[in-house]
Amino acid sequence: MKLKKSTKIMFIIWGILIIVNIFAKLCHPAVDFYIAHIFPIISTIWSHISNIFPFSVGEWMIVAGIVLVVVGLISFIAFMIFAKGKRKKIAGIYGHVYGWILTWLFTVVTTRFFVLYQGTQLSQTVDTEIATDDVLKVYQMLVDGANRESALVARDENGYFTMTDDLMSEAKECMSRLSQTYPQYRGWYPNAKPIYHSYFFSQQNLLGIYYPFSMEANYNPVVYPVNLPVTICHEFTHLKGNIFEDEAGYYAFLACMTSDSADFRYSAYVSALEWFDPSFGDDSASWDEYYEISAQISPEVNRDMYTFVPEDYWEEHKEKEEFIPTDVVSQTADIVMDTSLKVNGISEGTHSYHGMTALLLHYYLEENSP
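Residues numbered from 1 in each chain as written. Predicted model: local features only at pLDDT ≥ 70, side-chain atom pairs only at ≥ 80, totals over all residues. Heavy atoms only, no water.

Peer 1: An account of the overall build of the protein chain is requested, with residue identities and associated values reported.
Peer 2: Across its full length, the protein chain carries 15 helices and five strands. Residue burial in the protein chain is summarised as follows: out of 370 residues, 46% are buried. Taking the intrachain contacts of the protein chain between residues at least 6 apart in sequence as the baseline, contacts between residues at least 24 apart amount to 78%. (Helix = DSSP H or I, 4+ residues; strand = E, 2+ residues; numbered from the N terminus. Buried < 20%, exposed > 50% of the residue type's maximum accessible area, 1.4 Å probe, protein only. Contact = heavy atoms within 4.5 Å.)

Here you go:
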């Protein structure tokens, strides 16, 4: 059977992409060059295009993709049943169309996702053998900082954090200041966009998401607002080629810490405390001291830590918006994320998020030391 010219091109593209993925695993310096010099161009072009639209293009592309699969499957079955004399031709058309769609998807995830995971990880270049006293010292700094900034932010009549600064413009300013120390984050940033299907994303415990298909930074608009400054800066780092979650959290922390806004600095401290892992210490007896420092966290900070959505959110939205049980969605999302990370070479899976601790220790003990 002869292959059509377009089908041959499709196979050639797949072959090239497979080679690219293999080469990326074998040559990390080439990937680092790609992240530093080529990916920013791709990101900026597509971000400008998607920024034209006021809604999340990536989110609706996923919705359109689901519809396309469902409608395509139903129509294909119908044609196979009723168009008996044209089954071969119809199957060929469907195969060709969906083949090109899969080729585009493979191209996107390779150039904007898979390859990025083969870059040099900052967390692999820092010392993780940290003395217990140093771990506790940094933890004390974070607790003191959170307590200090907590006294400067606005709160509602029930004592909950409220945003008073312009979220988007300040996030972009934070990234601009961060780029003065870390050039990777130079350049233009689009507006981060709120996702529309916020309840479904909340079921997955998602604060924000990077869409490689549209090169957008998206955030969950219903989450407790203390999470938003650091979340938006986190998603912005992905647009500059930083795909590792622990590093994205670390650089988002640094970006927010450059701000004159107490809202942003406080968001950074709360995030750091949530992800801080005291097990980096070399003495199990240190847990008593860790708990002693934890006891110093103010009631206001304790209230804000690990608060994902506002009080009563689930009760208010569950009945009208929950189509799939939350525990099913959450567990499935965890499995998918953990598997995705491991497939891309992150052997720790979702536990790698706690690698932010090593980076914070490195920052406070080495880069930020007098």
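Moving on, there is more to tell.
Peer 1: Explain the sheet that holds strand 4 (residues 208-211) residue by residue, including any values.
Peer 2: Strand pairs in the sheet, formed through backbone hydrogen bonds, run parallel or antiparallel to each other. The strand order across the open sheet formed by three strands is 3-5-4, and the pairing between neighbours is mixed. A single partner strand is all that each edge strand has here, and the edge strands are strand 3 (193-194) and strand 4. Of the strand pairs in this sheet, strand 3 and strand 5 (residues 216-219) are connected by two bridges, and their pairing is parallel. Following the sheet pairing, K193 is matched in strand 5 by N218. (Pairing = 2+ DSSP bridges.)

Peer 1: Tell me about the environment of P194, and please be specific about residues and values.
Peer 2: By the element assignment, P194 lies in strand 3. With 23 residues separating them in the primary sequence, P194 and A217 have C-alpha atoms 8.9 Å apart. Discounting residues that sit within four places of it in the chain, P194 has contacts with S56, Y219 and P221.

Peer 1: So what's going on with the packing of aromatic side chains? Residues and values would help.
Peer 2: What characterises a pair of aromatic rings is the spacing of the ring centres plus the angle enclosed by the ring planes. A full pass over the atoms with the stated rule returns 28 aromatic pairs. Pairing Y250 with Y363 gives two aromatic rings, centres 6.5 Å apart and planes at 70°, and the pair type is edge-to-face. With a gap of 113 residues between them, Y250 in helix 9 (residues 245-257) and Y363 in helix 15 (residues 356-367) connect regions that are remote in the sequence. Across the pair, exposure class does not vary: Y250 and Y363 are buried alike. In this structure an aromatic cluster arises from ring pairing among Y182, Y185, Y250, Y251, F253, Y269, Y363 and Y364. (Phe/Tyr/Trp six-rings, centres within 6.5 Å; stacked < 30°, edge-to-face > 60°.)

Peer 1: For a nonpolar patch on the surface, give the residues involved together with the corresponding values.
Peer 2: Together, I41, I45, W46, I49, I52, F53, F55, W60 and Y196 give the surface a local cluster of nonpolar side chains, amounting to about 940 Å² of exposed area. Take the nonpolar patch: its biggest share by element is four residues, from helix 2 (residues 28-50). You can see I49 is positioned in helix 2. (Patch = residues over 30% accessible without salt bridge, like charges linked within 9 Å, V, L, I, M, F, W, Y side chains within 5 Å. Areas by Shrake-Rupley, 256 points an atom, 1.4 Å probe, with all protein chains shown as cover. Salt bridge = Lys/Arg side-chain N within 4 Å of Asp/Glu carboxyl O.)

Peer 1: Residue-level account of the environment of V109, with values.
Peer 2: Looking at where V109 falls in the secondary structure, it is placed in helix 4 (residues 87-114). Spatially, the C-alpha atom of V109 lies 7.7 Å from that of F213, the residues being 104 residues apart in sequence. Residues within four places of V109 in sequence aside, it is in contact with F114 and F213.

Peer 1: How would you summarise the nonpolar core if you had to cite specific residues and measurements?
Peer 2: When a protein is soluble and globular, its nonpolar side chains tend to lie buried together. In terms of nonpolar packing, the biggest core is built from 80 residues, with L142, F236, Y250 and F253 touching the most fellow members. If you tally residues by element for this core, the top one is helix 10 (residues 262-275), at eight residues. Each residue touching F253, except ones within four places of it in the same chain, is listed here: L142, V230, A268, Y269, A272, M356, L360 and Y364. (Core = buried A, V, L, I, M, F, W, Y, C linked by side-chain atoms within 4.5 Å.)

Peer 1: Give me the lowdown on a negative patch on the surface, citing residues and values where you can.
Peer 2: On the surface, a cluster of negative charge is contributed by D133, D288, E289 and E292. By residue number, the principal contributor to the negative patch is helix 11 (residues 287-294), which donates three residues. Residue placement: E292 occurs in helix 11. (Lys, Arg positive; Asp, Glu negative; His and termini not counted. Charge placed at Lys NZ, Arg CZ, Asp CG, Glu CD.)

Peer 1: Tell me about the pairing of strand 5, residues and numbers included.
Peer 2: Alternating residues of strand 5 divide into E216 and N218 and A217 and Y219, and every residue in both groups is buried. In this structure, strand 4 lies alongside strand 5, joined through four bridges in antiparallel fashion. Its bridge partner lying in strand 5, I209 is registered against N218. Between strand 4 and strand 5, which pair antiparallel in sequence order, lie four residues; one of them, M215, sits at a positive phi of approximately 55°.

Peer 1: Got a sec to walk through helix 10? Specific residues and values, please.
Peer 2: Given a rise of 1.5 Å per residue, 14 residues ought to cover 20 Å, and the 20 Å separating the end C-alpha atoms of helix 10 matches this to within 8%. Of all 14 residues in helix 10, 13 are buried; the element is thus mostly enclosed. Residue S261 occupies the N-cap position of helix 10, its side-chain oxygen lying 3.2 Å from the main-chain nitrogen of D263. (Expected span 1.5 Å × (residues − 1). Polar contact = N/O pair within 3.5 Å; in protein donor to acceptor, adjacent residues only side chain to side chain.)

Peer 1: Could you give me a rundown of empty space enclosed by the protein, with the residues and numbers involved?
Peer 2: Here the structure, examined in full by the defined rule, presents one cavity of 30 Å³ or more. Reported here for the largest cavity is a volume of approximately 40 Å³. Taken together, S43, T44, S47, W188, Y189, P190, L239 and K240 form the lining of the largest cavity. Looking at the lining of the largest cavity, the element that brings in the most residues is helix 2, giving three residues. (1 Å grid on protein atoms, 1.4 Å probe; cavity = no way out; pocket = protein on both sides within 12 Å on 5 of 7 lines; lining within 4 Å. Points joined across faces, edges and corners; volume = space filled by probe spheres on them.)

Peer 1: So what's going on with the pattern of salt bridges? Which residues, and what values?
Peer 2: In the structure shown here, the tally under the stated rule is six salt bridges. K137 is paired through a salt bridge with D134; the nearest N and O atoms lie 3.9 Å apart. A residue pair is termed a helical-turn pair when its members lie 3 or 4 positions apart in one helix, as K137 and D134 do in helix 5 (residues 132-150) at three residues. Exposure remark for K137: the relative accessible area of 42% places this residue in the partly exposed category. Between E216 and K193 there is a salt bridge, with its nearest N and O atoms 2.8 Å apart.

Peer 1: Can you tell me about the packing of helix 5 against helix 10, naming the residues and giving the values?
Peer 2: Contact geometry for helix 5 and helix 10: axes closest at 9 Å, N-to-C directions at 145°. In terms of crossing hand, the pair formed by helix 5 and helix 10 is left-handed. Between helix 5 and helix 10, the residues in contact are Y139, M141, L142, V143, G145, A146, R148, E149 and S150 and A262, R265, Y266, Y269, A272 and L273, respectively. Of the residues belonging to the contact of helix 5 with helix 10, the class tally is 10 nonpolar, two polar and three charged. (Axes fitted to C-alpha atoms, helices over the stretch in contact; angles between N-to-C directions. Left-handed = near helix turned anticlockwise from the far one by under 90°. Nonpolar A, V, L, I, M, F, W, Y, C, P; charged D, E, K, R; others polar.)

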